Amino acid sequence: EQYRARVTEYALRAHAFEIDDIVLRRTERWSKAILAANLHYLDGRTVPMPTPAQYNFFFTHDLLLTDLGAVRFDTARVASDLRYLASLAQADSLLPHAYYWRNGRYVTEYAGSDNWNHMWFVLLTSSYLKHSGDAGTVRMLWPMIQKSLRLMLKNERNGLMNSERPDWWDIGHIYGARAYLTTLMVRTLRSYAYLAIEIGHEEDLLAEHLDLSNLMQEQMVDQLWDDDAGYLLNMLDSVEVDKHFYSGSLLAGAFDLLGPAKKGRLLESAARVLLDEKIGIRNAMPPDYLELIDRYRFNGPEVGAPYQYMNGGVWPQGIAWYAMAMLAAGRPDEAEAVLKRYLTLDGIEQSPNGQPALFEYRNADSSAPGYGRIDKTTFLWAGGWYLYVLYQLAGVRENEWNLWFSPDLPSGFGDMEYDLMINGVRSRVSWRGRGAFFRRIDVDGERVHSAVGLSPAMHVNFTRGIPDQPYLARATGIVKNVAYVASHRRLTVGIRAVPGQTVETVVISPTPSARILVGDHDVTDSARVTAKDGAYVVSLSWVSELANTTLSLEL
């Protein structure tokens, strides 16, 4: 009864998420119930487990991917999980990969130099700091973060990340450039700079890291984009292209690292090659890996039969990345449709061999009686990925530098409320109205002029519509303060950045700007101003000369 009460409290009452759509709401509660239920006792601690009854060991990967969703509403859980990783790292600050009982003792496996857990660890910690404001935990983790970055950078070759594994797999032994890892490293390097600034560990290498992240973003497109395929492809070695389509390339679209044209083509190609319209995004195509065991140096048929497991099965993270790439491309209605059809209890139940369950992977062989069959029916990080996408659909966005909010919601999302951790405070976030912009933003009853980097507050209210005053919509530097003086019609934005960093800002205004200053420099002519839906979108990009810069717009 205590167990039932704990899971029920966590799923139904502890973290509010109120939206009219019953299909999305049902799976939101189910996902949180899975987060509460999928735990097991291991060597004195209760730790996350991926699924009941089939595991008696701990994997860092399960924790990290799940907590990307949980950090939005439960920073206490994430703090405990991150500290658990630190307890396993011991004196050498090396990130653990797994922990389990073997041959009469507990054993820790550690993440090697090309293990993608290093990068997800940095990205989760970055997100955790934005939501929790807990710099103390981040400082404690800092030696681990530094070591993870150093290890991963050993695999950088000419601006691309290399690995033995295809994509995020844990099988295969052939070393080549990977779009998935390069995408993660672009975001990791920028997140590392954010963390260093916020906890006061700035170092000379930050500018070099940001330069490398920009180079990697360019090289990924220049070297791995295949124009005939309309997709980012991997390398099998230094010269041979891997012609398989992998779901991990969708992460470049999800993290908005491609231009508009390539974002669109990436989605079109994924729909053509990877999407099974009844059950979701296949892990890789074509499913011919059993014929390539020697080429990829698999350990026998561990990749799985065609359309199963790694060999073309449908996995939840591919669905999540596909939906996120839709959002990044400005297609929220399609993103919502992807989530509802392929990663909700209702959508899964209504599909071939469906049942109301979240999964590790599904059989994608449409010619077999087992088509759509679910493997592992209560899978932890399927729930984590669902929550990660759901909160983005509900307007919660995040880049390397800031937590921010977007009014670009699916058309079915009207009035709604949810709890969200913002800089250490549980805020009740309320949405009203319709439209492409915010008419006004109120924080604890006071009007503010920024959808970026909001201060801790008990209540945040967004009203969509045509704005009558300007506001900061997004930024790629750390936003420290935003103020609007109505009598002077002046919006000022304080931004912290690494000297030499390119900063991009977008301001929404009821009128075009008359004058724009970055520090003392007049940059009015450098701004791109676009009229849209009754307002003006003012976009500006500049190279920060100083650590602290003030952007001023006179309207």
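Given the structure is predicted, the values throughout are model-derived calculations rather than measurements. (Residues numbered from 1 in each chain as written. Predicted model: local features only at pLDDT ≥ 70, side-chain atom pairs only at ≥ 80, totals over all residues. Heavy atoms only, no water.)

Moving on: the overall build of the protein. The helix and strand tally for the protein stands at 15 helices and 35 strands. Against the compact-globule benchmark of 24 Å for 555 residues, the protein has a radius of gyration of 23 Å, which places it among compact chains. When its C-alpha atoms are laid out on the principal axes, the protein stretches across 70 × 55 × 50 Å. Residues classed as buried in the protein amount to 60% of the 555 residues present. Surface summary for the protein: the accessible area is close to 21,000 Å², and the carbon and sulfur share equals 47%. (Helix = DSSP H or I, 4+ residues; strand = E, 2+ residues; numbered from the N terminus. Rg over C-alpha atoms; globule rule 2.2 N^0.38 Å. Buried < 20%, exposed > 50% of the residue type's maximum accessible area, 1.4 Å probe, protein only. Areas by Shrake-Rupley, 256 points an atom, 1.4 Å probe, with all protein chains shown as cover.)

The relative placement of two packed helices comes down to the angle between their axes together with the axis-to-axis distance. Interaxial distance between helix H1 (residues 2-13) and helix H2 (residues 22-37) falls to 8 Å at its minimum, and their mutual angle equals 140°. The pairing of H1 with H2 is recorded here as oblique in orientation. Seen along the crossing, H1 lies across H2 with a hand that is right-handed. Two secondary-structure elements touch here, H1 through Tyr-3, Arg-6, Val-7, Tyr-10, Ala-11 and Leu-12 and H2 through Arg-29, Lys-32, Ala-33, Leu-35, Ala-36 and Ala-37. Of the residues contributing to the contact of H1 with H2, the split by class is nine nonpolar, no polar and three charged. (Axes fitted to C-alpha atoms, helices over the stretch in contact; angles between N-to-C directions. Parallel < 35°, antiparallel > 145°, perpendicular 65-115°, else oblique. Left-handed = near helix turned anticlockwise from the far one by under 90°. Contact = heavy atoms within 4.5 Å. Nonpolar A, V, L, I, M, F, W, Y, C, P; charged D, E, K, R; others polar.)

For H1, which comprises twelve residues, the first-to-last C-alpha distance of 15 Å matches the rise-based estimate of 16 Å (1.5 Å per residue) to within 8%. Among all positions of H1, only Val-7, Tyr-10 and Ala-11 are buried. When H1 is viewed along its axis, its buried side chains cluster within an angular range of 90° and face the same direction. In H1, the exposed positions angled more than 90 degrees off the buried face are occupied by Gln-2 and Arg-13. (Expected span 1.5 Å × (residues − 1). Arc of directions from axis to C-beta.)

On to the side chain of Asn-162. The topology assignment puts Asn-162 in strand S8 (residues 160-163). Setting aside chain neighbours within four positions, we find Asn-162 in contact with Asp-114, Asn-155, Arg-157, Tyr-175, Gly-176, Ala-177 and Leu-181.

The subject of this paragraph is the packing of aromatic side chains. Taken as a whole, this structure holds 33 aromatic pairs when the rule is applied. Look at Trp-168 and Trp-315: their rings are 5.0 Å apart centre to centre, the planes differ by 65°, and that puts the pair in the edge-to-face class. Residue Trp-168 is found in the loop between S8 and strand S9 (176-177), and its partner Trp-315 is found in the loop between helix H11 (293-296) and helix H12 (316-328); the two are separated by 147 residues along the sequence. Aromatic pair Trp-169 and Tyr-246: ring centres 5.8 Å apart, planes at 70°, arrangement edge-to-face. One end of the pair, Trp-169, is in the loop between S8 and S9; the other, Tyr-246, is in strand S14 (residues 245-246), and 77 residues separate them in sequence. Within the aromatic cluster, the residues linked to one another by ring pairs are Trp-168, Tyr-309, Trp-315, Tyr-361, Phe-379 and Trp-381. (Phe/Tyr/Trp six-rings, centres within 6.5 Å; stacked < 30°, edge-to-face > 60°.)

Our focus in this paragraph is unusual backbone geometry. With an omega of 0°, the peptide bond running from Met-285 to Pro-286 counts as cis. Tracing the chain through its elements places Pro-286 in the loop between strand S17 (284-285) and H11. Phi is positive for Asn-353, close to 55°, though the residue is something other than glycine. Along the chain, the position of Asn-353 falls in the loop between helix H14 (345-349) and strand S18 (361-362). Positive phi, close to 65°, is recorded for Lys-376, a residue that is not glycine. For Lys-376, the location among the structural elements is in the loop between strand S19 (374-375) and helix H15 (380-393).

Pairing within the open sheet is antiparallel, and its three strands lie in the order S4-S5-S6. Where the open sheet ends on each side, the last strands, each with one partner, are strand S4 (58-59) and strand S6 (105-110). Pairing geometry for strand S5 (residues 96-102) and S6, over six bridges, is antiparallel. By the bridge assignment for S6, Tyr-100 is matched with Val-107. (Pairing = 2+ DSSP bridges.)

Bringing the sheet that holds strand S31 (residues 515-518) into the picture now. Strand order in the open sheet made by the five strands is S28-S29-S35-S31-S32, with antiparallel pairing throughout. Of all strands in the sheet, those with a lone pairing partner are strand S28 (478-485) and strand S32 (521-522), marking the two edges. Relative to strand S35 (residues 548-554), strand S29 (residues 490-496) runs antiparallel, the two being bridged by seven bridges. If you follow Thr-492 over to S35, its bridge partner there is Ser-552.

Before going further, it helps to examine the pattern of salt bridges. Scanning the entire structure with this criterion turns up 27 salt bridges. Between Arg-428 and Glu-417 there is a salt bridge, with its nearest N and O atoms 3.4 Å apart. One end of the pair, Arg-428, is in strand S23 (residues 425-433); the other, Glu-417, is in strand S22 (residues 416-422), and eleven residues separate them in sequence. By relative accessible area, which is 23% here, Glu-417 ends up partly exposed. Through salt bridges with shared partners, a single network forms among Glu-18, Glu-28, Arg-29 and Lys-32. (Salt bridge = Lys/Arg side-chain N within 4 Å of Asp/Glu carboxyl O.)

Core analysis: the largest hydrophobic core is formed by 174 residues, its most contacted members being Trp-120, Trp-169, Phe-405 and Tyr-418. Excluding its chain neighbours within four sequence positions, the residues that come into contact with Trp-169 are Trp-116, Tyr-246, Asn-283, Ala-284, Tyr-289, Phe-298, Val-303 and Met-310. (Core = buried A, V, L, I, M, F, W, Y, C linked by side-chain atoms within 4.5 Å.)

Right, let's talk about the pairing of S5 for a bit. In terms of burial, S5 is largely enclosed, as five of its seven residues are buried. Bridging between S4 and S5 involves two bridges; their strand directions are antiparallel. Across the sheet, the residue bridging to Phe-58 is Tyr-99, located in S5. Connecting S5 to the antiparallel partner S6 that follows it, the hairpin turn spans two residues, and Asn-103 within it adopts a positive phi of roughly 55°.

Along any regular strand the residues' side chains alternate between the sheet's two faces. Here S8 shows a buried face lined by Leu-160 and Asn-162 and a second buried face lined by Met-161 and Ser-163. Bridge count for strand S7 (residues 156-157) against S8 is two bridges, and the pairing is antiparallel. In the sheet register, Arg-157 faces S8, and the bridge partner there is Leu-160. Where S8 lies against S9, two bridges are found, and the strand directions are antiparallel. The residue of S9 that forms the bridge with Asn-162 is Ala-177.

This part takes up the side chain of Arg-25. Looking at the secondary structure, you find Arg-25 in helix H2. No salt bridge is formed by the buried Arg-25. Its closest oppositely charged neighbour is Glu-18, at 4.6 Å. A polar contact is formed between the side chain of Arg-25 and the backbone oxygen of Ile-19, at a distance of 2.4 Å. In contact with Arg-25, not counting residues within four places along its chain, are Phe-17, Glu-18, Ile-19 and Asp-20. (Lys, Arg positive; Asp, Glu negative; His and termini not counted. Polar contact = N/O pair within 3.5 Å; in protein donor to acceptor, adjacent residues only side chain to side chain.)

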